[in-house]
Amino acid sequence: MARGRYTILLMITVCMSGVRPAAAMDPHTPFHTFVVDHWSVEQGLPQITVLGMAEDRAGFLWLSTQAAVARFDGTHFTTFDRASTGVDTSMLSAAWADPQGQVWFGGARGLLRERDGHFTAWDGDAVNAITDAGDGTPLLATSHGLAQLHNDRITPLAGYAGAAFSLLRDGKVLWVGGSGHLCRLDPAIDPPAMTCMQPTRADHRPVLINHMALVRGSVWLGTQVGLMRVDGDRIVPAGLSPELDTASIESLLTDRDGTLWISTVQALYRRLPDATLERVADSDIARHPWVRALHEDRAGNLWMGTQIGGLYRAWNGWTRSVSTRDGVLDSLVWSIVRAPDGKIVFGTNSDVETFDGKRAQPLIPGSALPNPSAYELYYDRRGRLWVGTRAGVAVYERGRNVTPPALSALDGRQINDIREVADDDFWIGTSGGLYRLQQGSLSRADPAATAAASIIRWILPLAADHLYLGTEDGVRELRHGRVEDPAWAAPLRGHFVTRVVMLKPGMLGIATTDAGIGVMQDGRLRMTGQRDGLPSDNAWTLDVLDGDLYVGSIAGAWRLPLAQLPLPGSPPRRVMPQLLAGEERATALHNTRCCNGGAGSRSLIDGDAIWYSTTDGALRLDTRALDKQPKPPQAMIESIEHGDRQFPGQPFDLRQGARDLAVYYTAPYLRVGALRFRYKLEGYDADWQDAGARRVVYYTHLPPGHYRFRVAAALPSAPDFGPEADLAIQVRPYWHERVSVRVAAILLLCLALFLLVRWSMRRQRRRNAWLEAEVDQRTEQLVRALERLRVTNLALAEESHTDTLTALHNRRYLLARLPEVLSGEACAGVVQIDVDYFKQINDNYGHAVGDEVLRKLGRLLIKAQRGSDMSVRWGGEEFLLLLKDVDAAGVMAIAERLRHDIAAQEFANGRGGRIRLTCSIGFSMHPLATQVDKTSFDAALELADLALYRAKQDGRDTCVGLVVTAPLSAEILHAPLAPQLGALLASGWLRWLRETS
């Protein structure tokens with residue numbers, strides 16, 4: 001008996017070495033603040049019931065399900081079922097990874113081993129648990145006791161009697177859980193002895209010990225009748241809760257921080273190091289999660305395999321969400337500031353609340369504010385809290401409303417930003433302009449601003465009277481009391497600017513909602529957007545902390561080293577930001593939502609943390625946790641696909657069939673974030689190819705040759721790649737591609753070419769003499785024909801640009817001259833003339849008289865035009881004039897003179913009588929915008945047409961102009977102007993001109 005016990009002792013004396021990584025599951029943090037990710041059959045898991053888990057030496061997570069075994073690399077599941085392995089891989093409940101990289105599984109039918117993707121099975125007794133036997137081989141808890149693998153055979157070990165269901169090592173001590181007893185083998189006793197104790201229950205039925213865990217020297221037992229623990233030489237109920245004392249324990253795990261995780265069918269619990277018991281809410285994972293397997297990976301993340309929900313991962317993350325679970329009354333948070341007492345203050349859609357690090361409490365009710373929505377918060381130098389709402393501003397000091405009376409003028413305006421530049425000197429950005437409150441007096445600083453430019457979203461004070469303003473129409477600059485458009489900010493016109501900050505001395509950063517991130521340096525602007533690698537063109541916030549740029553956007557919060565941000569004048573390059581929160585991963589159960597638009601205080605730098613306002617409370621980002629980046633993992637080539645067959649990732653020799661290959665590769669990464677890969681087929685690819693997160697590459701029609709496929713993985717947003725994996729590939733030539741065949745073919749081809757060339761040269765010499773004579777004769781004829789053609793073309797070109805009836809230019813001529821017209825910088829009048837009631841002339845006197853009238857009008861217009869003007873018959877009785885280098889008043893004078901000249905002109909009616917005519921004239925001015933192109937010219941034509949229509953409405957025989965008061969935006973120009981006419985006239989963008997105006 002002693003010899004058998006000594007044999008077991010030799011098997012279990014193994015010591016674990018190495019330094020544990022830092023804790024990832026913070027025991028001081030409530031579970032609901034952890035990030036929980038979920039994978040199920042939709043993401044590739046073979047089946048929803050996960051029975052066991054193990055992490056191998058390479059870093060892959062192995063899962064045993066009811067249907068098959070799966071290997072998980074952090075993104076992709078690879079299934080090993082009977083069809084792919086040749087053995088039954090279903091219903092395996094025990095899993096263990098040995099130091100050599102092999103993974104062992106146990107189930108009702110025996111033992112299974114995975115090595116390099118190949119599976120070997122040992123049929124026999126049921127294997128209920130597996131641990132290290134001390135020499136890197138598995139020690140098995142079977143239905144008939146303990147066993148080990150020796151010479152590829154499962155050998156029973158003496159020293160323990162009966163079925164064994166669980167194993168636990170405490171240093172050199174081995175604990176064996178069975179049916180009705182718990183045994184302890186202590187090597188410190190000489191000779192080594194195994195002592196057993198029996199748990200008792202009221203009905204005296206045996207207690208089945210399925211799970212064991214060690215917490216600071218104390219052994220905890222999971223049984224079918226509740227949670228128990230070892231107390232000296234007795235087994236007693238755990239006493240943590242009535243439910244745990246009676247419910248079946250499905251799994252146990254002690255993590256590296258000493259937290260005991262306990263699972264029942266109904267719930268998941270954790271006993272913290274301070275002995276506090278926390279029951280995880282159903283909403284934090286799933287209703288009745290029924291966790292069958294628990295595993296803590298090397299990074300400290302908690303993996304949970306469930307009975308009906310698949311696989312879950314809980315991790316501490318970089319963020320802490322503060323929402324309704326923490327006392328926040330309204331989860332829609334607009335603004336965040338730090339109070340002078342150190343507390344964090346939230347402005348929600350309903351009130352103002354304060355957070356002390358544990359719970360949120362109401363501070364100012366929404367009923368005490370001009371509007372319940374606390375859109376903007378600001379603490380001034382006296383410690384007063386300014387609350388900007390969607391309809392005015394309120395100021396509170398020690399709980400009392402001390403709002404200056406002058407601020408009542410802002411009631412009804414949305415308050416977007418508040419900045420104090422000196423004592424009792426505040427700048428306030430609103431939805432209706434920029435205001436300054438100075439010594440109790442309120443005044444507006446931008447009375448002439450357009451509608452969009454008057455919506456001030458951000459104020460950057462450079463001095464008391466020098467500001468940069470982020471507006472919904474780009475960036476403005478206030479200096480010496482005047483608001484101007486900086487020349488460098490012209491590309492931002494029409495864009496919603498959310499924030500303007502100093503990235504560092506001499507470098508300005510600009511955030512927009514739809515154009516990305518801008519950098520201004522030395523009077524030049526450089527924009528970086530989604531096309532350059534950013535997650536989105538949207539940016540609600542822009543903060544700089546310790547040399548990194550942090551951005552909150554609709555795509556989430558992300559960071560980018562400031563040194564990676566492209567500067568003005570630098571060559572194009574892609575950036576690699578790191579997504580920190582709010583990512584829409586397909587596995588996410590509880591996404592950490594971020595971020596929310598709002599006013600100036602929508603984010604807050606708080607030491608090493610950044611707070612963001614979200615639609616689900618406030619989000620705290622711990623930037624210190626972001627620096628704990630592991631090394632990139634080793635890439636691995638899984639397999640090669642050729643001709644609908646899969647081959648192992650080993651040197652591949654393609655001898656026959658199509659030269660199409662698919663190479664599958666991966667890398668284990670169980671942390672958060674998707675790896676990116678690069679690959680190169682040496683001998684085929686000229687350079688490394690960026691694959692992103694894709695884990696397969698296809699090659700078609702490969703030429704024969706020797707190749708080497710190389711692949712490497714990099715961490716999210718990290719520039720460096722990890723160790724490479726490579727694979728030799730040889731493509732054999734077809735018979736007709738062999739060197740000997742090709743040499744013979746080349747020789748025959750050369751001989752045939754030689755004979756053909758000789759015959760061709762002889763024939764060519766005979767033809768050359770005849771051709772030379774023919775060429776001389778034809779050349780002379782061609783010269784004469786070309787001269788006639790040139791003269792004819794000139795005549796045709798002039799005729800095609802001239803209206804045959806009036807001798808005026810036509811539309812074709814105008815279109816041909818349009819680039820020349822648009823290239824000029826001076827103003828030009830666009831005049832449309834329409835003969836009043838011209839149809840009556842054709843109806844009463846005939847078309848011949850009408851044509852004569854048009855001819856005479858054409859001569860009149862030609863005679864009246866200046867040398868730089870252009871007269872065009874626009875169609876029928878309509879004429880178009882382009883008057884260069886003239887202002888609106890000059891156009892009106894010319895148009896009136898033409899109207900009077902036409903009215904004074906007499907026309908023969910063909911019957912001996914005379915006809916007098918009147919005309920209606922409408923005109924506009926070109927250009928309409930700073931950007932001159934065909935669109936702006938078409939818009940000028942449309943305005944002239946609208947003015948002509950107004951002249952006809954006003955009774956004809958009149959002249960009306962429709963001109964702009966300021967350059968029109970691209971948004972206005974690219975839509976028809978007729979539907980916008982009323983709004984543009986009302987807003988002052990357009991105005992009518994008449995003879996009396």
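Reference entry: report on the structure contained in this document. What you see is a predicted model; the values in this text were computed from it and never measured. Counting restarts for each chain, with residues numbered from 1 along the sequence as it is written. For a predicted model such as this one, the threshold for reporting local features is a pLDDT of at least 70, and the threshold for listing and counting side-chain atom pairs is 80 or more; totals across whole chains, interfaces and linings nevertheless cover every residue. To obtain the side-chain values, all non-hydrogen atoms of the structure were used and water was disregarded.

Some words on the overall build of the protein
The way it works is that DSSP assigns letters per residue, a run of H or I at least four long becomes a helix, a run of E at least two long becomes a strand, and they are numbered from the N terminus. Along its length, the protein carries 11 helices and 73 strands. In terms of C-alpha radius of gyration, the protein reaches 42 Å, well past the compact-globule figure of 30 Å for 997 residues. Principal-axis analysis of the C-alpha atoms gives the protein an extent of 145 × 110 × 55 Å. Whether two residues touch is decided by their heavy atoms; if any such pair falls within 4.5 Å, the residues are in contact. The contacts of the protein with a sequence gap of at least 6 include a subset with a gap of at least 24, amounting to 53%. As presented, the protein carries roughly 46200 Å² of accessible surface, and 52% of it is formed by carbon and sulfur atoms. Lys and Arg are tallied as positive, Asp and Glu as negative. Neither His nor the chain termini are counted. Where a charge lies is defined by one atom per residue type: Lys uses NZ, Arg uses CZ, Asp uses CG and Glu uses CD. With 108 positive and 113 negative side-chain charges, the protein shows a spacing of 4 Å between the two charge centroids. For the radius of gyration, the atoms used are the C-alpha atoms, and the globule rule reads 2.2 Å times the number of residues raised to 0.38. Accessible surface is estimated by sampling points in the Shrake-Rupley manner with a 1.4 Å probe; for residues, cover comes only from the protein chains shown.

A look at the sheet that holds strand β48 (residues 517-521)
Backbone hydrogen bonds are what pair the strands of a sheet, in a parallel or an antiparallel way. Strands are treated as partners if at least two bridges between them are detected by DSSP. Pairing within the open sheet is antiparallel, and its 4 strands lie in the order β46-β47-β48-β49. Edge positions in the open sheet fall to β46 (497-504) and β49 (524-528), since each of these has one partner strand only. Here the strands of the sheet are splayed against their neighbours by 20° on average, with no regard to which way each runs. Relative to strand β47 (residues 507-512), β46 is paired through 6 bridges, and the arrangement is antiparallel. Bridge pairing in β47 places Met502 opposite Leu508. Think of each axis as a best-fit line through the C-alpha atoms, taken over the contacting stretch in the case of a helix, with angles from 0 to 180 degrees between the N-to-C directions.

Some remarks on the pairing of strand β44 (residues 474-479)
Where burial is concerned, most of β44 is hidden: 5 out of the 6 residues are buried. With 6 bridges joining them, strand β43 (residues 466-471) and β44 adopt antiparallel strand pairing. Bridge pairing in β44 places Leu469 opposite Arg476. Linkage of β43 to β44, two consecutive antiparallel strands, is achieved through a turn of 2 residues. The pairing of β44 with strand β45 (residues 482-484) spans 3 bridges and is antiparallel. Bridge assignment links Glu477 to a residue of β45, and that residue is Glu484. A loop of 2 residues connects β44 with β45, the two strands running antiparallel in sequence, and His480 in this loop sits at a positive phi of about 55°. Burial classification: accessible surface area is computed with a 1.4 Å probe over protein chains only, and a residue below 20% of its type maximum counts as buried, one above 50% as exposed, and the rest as partly exposed.

What to know about the sheet that holds strand β27 (residues 302-306)
On the basis of which strands lie adjacent, the open sheet formed by 4 strands has the order β1-β28-β27-β26 and antiparallel pairing. Looking at which strands have only one partner, the edges of the open sheet turn out to be β1 (35-39) and β26 (291-296). Strand-to-strand twist across the sheet, computed as the mean angle between neighbouring axes with direction ignored, equals 20°. Both β27 and strand β28 (residues 311-315) contribute to a ladder of 4 bridges, which runs antiparallel. Each residue of the ladder has a partner; that of Trp303, found in β28, is Arg313.

Observations regarding the pattern of salt bridges
Within this document, salt bridges are pairs made up of a side-chain nitrogen of Lys or Arg and a carboxyl oxygen of Asp or Glu, the two lying within 4 Å of each other. Inspection of the entire model under this criterion finds 52 salt bridges. Between Arg109 and Asp88 there is a salt bridge, and its shortest N-O distance comes to 2.9 Å. Residue Arg109 is found in the loop between β7 (103-107) and β8 (110-115), and its partner Asp88 is found in the loop between α2 (82-85) and β6 (92-97); the two are separated by 21 residues along the sequence. The exposure class of Arg109 is partly exposed, given its relative accessible area of 39%. Using a relative accessible area of 25% as the deciding quantity, one classes Asp88 as partly exposed. Between Asp606 and Arg338 there is a salt bridge whose closest N-O contact spans 2.4 Å.

Side note on the nonpolar core
Core analysis: the largest hydrophobic core is formed by 34 residues, its most contacted members being Val831, Ile833, Leu857, Phe879 and Phe923. Put simply, the parts of the chain that give this core at least two residues each are β66 (828-835), α6 (838-845), α7 (847-864), β68 (878-884), α8 (888-904), β71 (919-926) and β72 (959-964). A total of 7 residues in this core trace back to one element, the largest contributor, which is α8. Residues contacting Ile833, with those up to four places away along its chain left out, are Leu861, Glu877, Glu878, Phe879, Leu881, Leu898, Ile902, Cys919, Ser920 and Ile921. Residues belong to one nonpolar core when they are buried, are Ala, Val, Leu, Ile, Met, Phe, Trp, Tyr or Cys, and are joined through side-chain atoms within 4.5 Å. Core analysis: the next-biggest nonpolar cluster, separate from the first, contains 32 residues, Tyr813, Val821, Ala940 and Val960 among them.

Quick notes on α8
Counted at 1.5 Å a residue, the expected span for α8 with its 17 residues is 24 Å, and the 24 Å between its end C-alpha atoms agrees. Regarding α8, the residues found buried are Ala888, Gly890, Val891, Met892, Ile894, Ala895, Glu896, Leu898, Arg899 and Ile902. Expected span of a helix, by definition, is 1.5 Å for each gap between consecutive residues, and there is one gap fewer than residues.

Here's the deal with the pairing of strand β57 (residues 636-642)
Sheet topology note: the β57/strand β60 (residues 661-666) ladder contains 5 bridges and is antiparallel. Counted as the bridge partner of Ile637 is Tyr665 from β60. Where β57 lies against strand β58 (residues 645-648), 4 bridges are found, and the strand directions are antiparallel. Note on β58: the bridge partner recorded for Ile640 is Phe647.

Overview of the packing of aromatic side chains
Centre distance within 6.5 Å is the pairing criterion for rings of Phe, Tyr and Trp, where only the six-membered ring of Trp is used; planes under 30 degrees apart are then read as stacked, over 60 as edge-to-face, and the remainder as tilted. Counted under the stated rule, the structure contains 25 aromatic pairs. Relative to Phe119, the ring of Trp62 lies with its centre 6.4 Å away and its plane at 70°, an arrangement referred to as edge-to-face. Here Phe119 lies in strand β9 (residues 118-123) and Trp62 lies in strand β3 (residues 61-65), a separation of 57 residues in the sequence. Summarising the burial analysis for this pair, Trp62 and Phe119 share the class buried. With 6.5 Å between their ring centres and 85° between their planes, Phe496 and Trp540 make a pair best called edge-to-face. Taken as a pair, Phe496 in the loop between β45 and β46 and Trp540 in the loop between β49 and β50 (541-545) lie far apart in primary sequence, 44 residues in all. An identical accessibility class is assigned to Phe496 and Trp540; each is buried. Here a set of aromatic residues connected by ring pairs shows up, and it is made of Tyr665, Phe677, Tyr679, Tyr684, Tyr699 and Phe709. Geometrically, a charge over a ring is one whose NZ (Lys) or CZ (Arg) sits within 6 Å of the ring centre while staying within 35 degrees of the ring normal. Lying over the aromatic face of Trp874, Arg811 brings its terminal NZ or CZ to 3.9 Å of the ring centre. In this structure, Arg950 is placed above the aromatic ring of Trp992, and the distance from its NZ or CZ to the ring centre is 4.9 Å.

Some remarks on the environment of Met502
Position of Met502 relative to the elements: it lies in strand β46. Residue class for Met502 comes out partly exposed when judged on its relative accessible area of 37%. Taking the C-alpha atoms as reference points, Met502 and Met520, separated by 18 residues in sequence, lie 9.6 Å from one another. If we skip the residues at most four places from it in the chain, Met502 touches Leu460, Leu462, Met507 and Leu508.

Quick look at the state of the cysteines
Two cysteine sulfurs form what is called a disulfide whenever their separation falls within 2.5 Å. Scanning the model with the defined rule gives 2 disulfides in all. There is a disulfide in this structure between Cys183 and Cys196, and the S-S distance comes to 2.0 Å. Its S-S torsion of about 100° marks the bond between Cys183 and Cys196 as right-handed, since a negative value means left-handed. Taken as a pair, Cys183 in strand β16 (residues 182-186) and Cys196 in strand β17 (residues 193-197) lie far apart in primary sequence, 13 residues in all. Paired through a disulfide, Cys594 and Cys595 show a sulfur-sulfur distance of 1.5 Å. Judged by the sign of its S-S torsion, about 50°, the bond between Cys594 and Cys595 is right-handed.

Some thoughts on unusual backbone geometry
Along the chain, His926 connects to Pro927 via a cis peptide bond; the corresponding omega equals 10°. Structurally, Pro927 is set in the loop between β71 and α9 (934-953). The phi torsion at Gln439 lies on the positive side, around 55°, for a residue other than glycine.

Regarding a positive patch on the surface
Patch criteria: residues need more than 30% relative accessible area and no salt bridge. Like-charged residues are merged within 9 Å; nonpolar side chains of Val, Leu, Ile, Met, Phe, Trp and Tyr are merged within 5 Å. Taken together, the side chains of Arg758, Arg762, Arg763, Arg765, Arg766 and Arg767 present a region of like positive charge at the surface. Looking at where Arg765 falls in the secondary structure, it is placed in helix α4 (residues 739-800). The exposure class assigned to Arg765 is exposed, which follows from its relative accessible area of 53%.

Things to note about a nonpolar patch on the surface
There is a patch of nonpolar side chains on the surface, built from Leu749, Leu753, Leu756 and Trp759 and spanning about 430 Å² of accessible area. Mapping Leu753 onto the fold places it in helix α4. Relative accessible area serves as the criterion here: at 42%, Leu753 is assigned to the partly exposed category.

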